[in-house]
Amino acid sequence: MGRAAMVDVGRKEDQQRRSATATSRVWLGEAAFHALQENRIEKGDVLSVARVAGIQAAKQTSNIIPMCHPLLLSHVRVDLRLEENNHTVLVEAQVNCRGPTGVEMEAMTAAATASLTVYDMCKAVSKSIRITDLQLEHKSGGKSGTYRREGSTVPSAA
């Protein structure tokens, strides 16, 4: 009990293409949603700032998650979609690399950080904002192969 150790990936000969997609949802409520939609948030362009924050976070994952290896990421995509029917922002983060270990944590960190950024920038309008459903949707590459969350509507990474 109490034992923590980083996994040794240095002996892996395979430098496979790895990909992971994660999503999360930010429940803004009507007032914050419409302020964001109409670009009336005092801190600026919420979706652009959140996208950049998510990309930055993916690149810094090994600095904040103790047992994650630093990886040379080849691509990070963060999309934020406004969903008016429930006043939410759906965040989708996809990360790719060629390396000895997967990028699931980088995708999850990107989605979480983009969501937190939306919260931070909109909190002056509403304190009731919630972040939910942070989850891995898809991953490919590596010893465990391909995973797709049951019921996921997120397309597989190319």
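Here we summarise the structure given alongside this text. Quick caveat: nothing in here was measured; it's all calculated off a predicted structure. (Residues numbered from 1 in each chain as written. Predicted model: local features only at pLDDT ≥ 70, side-chain atom pairs only at ≥ 80, totals over all residues. Heavy atoms only, no water.)

### Observations concerning the environment of Gly102
So, step 1. Note that Gly102 resides in the loop between strand S3 (88–99) and helix H3 (104–122).
So, step 2. With 14 residues separating them along the chain, Gly102 and Leu116 place their C-alpha atoms 23 Å apart.
So, step 3. Beyond its immediate stretch of four places on either side in the chain, Gly102 contacts Arg18 and Leu71. (Helix = DSSP H or I, 4+ residues; strand = E, 2+ residues; numbered from the N terminus. Contact = heavy atoms within 4.5 Å.)

### Details of the pairing of strand S1 (residues 16–27)
So, step 1. S1 sits mainly inside the fold: nine of its 12 residues count as buried.
So, step 2. Strand direction decides the pairing type here: S1 and S3, joined by 12 bridges, are antiparallel. Pairing of Ala20 across the sheet is with Val95, part of S3.
So, step 3. In this structure, S1 lies alongside strand S4 (residues 130–140), joined through eight bridges in antiparallel fashion. Paired with Ala20 across the two strands is Lys139, which belongs to S4. (Buried < 20%, exposed > 50% of the residue type's maximum accessible area, 1.4 Å probe, protein only. Pairing = 2+ DSSP bridges.)

### Brief notes about the pattern of salt bridges
So, step 1. A complete count under the given rule lists seven salt bridges for this structure.
So, step 2. For Asp79, the salt bridge is made with Arg77, and the minimal N-O distance between the two is 2.4 Å.
So, step 3. Judged by relative accessible area, Asp79 falls into the partly exposed class, the value being 34%.
So, step 4. For Arg81, the salt bridge goes to Glu83, with nearest N and O atoms at 3.2 Å. (Salt bridge = Lys/Arg side-chain N within 4 Å of Asp/Glu carboxyl O.)

### Examining the environment of Lys127
So, step 1. Looking at where Lys127 falls in the secondary structure, it is placed in the loop between H3 and S4.
So, step 2. With 99 residues separating them in the primary sequence, Lys127 and Leu28 have C-alpha atoms 9.1 Å apart.
So, step 3. Here Lys123 takes part through its backbone oxygen, which lies 3.0 Å from a polar atom of the side chain of Lys127. (Polar contact = N/O pair within 3.5 Å; in protein donor to acceptor, adjacent residues only side chain to side chain.)

### Let's talk about the sheet that holds S4
So, step 1. With respect to topology, five strands assemble into an open sheet ordered S2-S3-S1-S4-S5, the strand pairing being antiparallel. The strands lining the two open edges of the sheet, one partner per strand, are strand S2 (73–83) and strand S5 (147–148).
So, step 2. Packing against the sheet, helix H2 (residues 46–64) makes contact with S2 and S3, and its axis sits at approximately 145 degrees to S2.
So, step 3. Strand contacts of H3: S1, S2, S3 and S4, with the helix running at about 25 degrees to S1, the strand carrying the most contacts. (Axes fitted to C-alpha atoms, helices over the stretch in contact; angles between N-to-C directions.)

### Points about the pairing of S3
So, step 1. Across the 12 residues that make up S3, a large majority, 11, are buried.
So, step 2. Across 10 bridges, S2 lies against S3 in antiparallel orientation. Within S3, the position partnered with Leu73 by the bridge is Cys97.
So, step 3. Between S2 and the antiparallel strand that follows it, S3, lie four residues; His87 among them carries a positive phi value of about 55 degrees.

### Points about H3
So, step 1. Taking 1.5 Å per residue, 19 residues should reach 27 Å; H3 reaches 27 Å between its end C-alpha atoms and fits that length.
So, step 2. Buried residues along H3 sit against S1, helix H1 (30–37), H2, S2, S3 and S4. (Expected span 1.5 Å × (residues − 1).)

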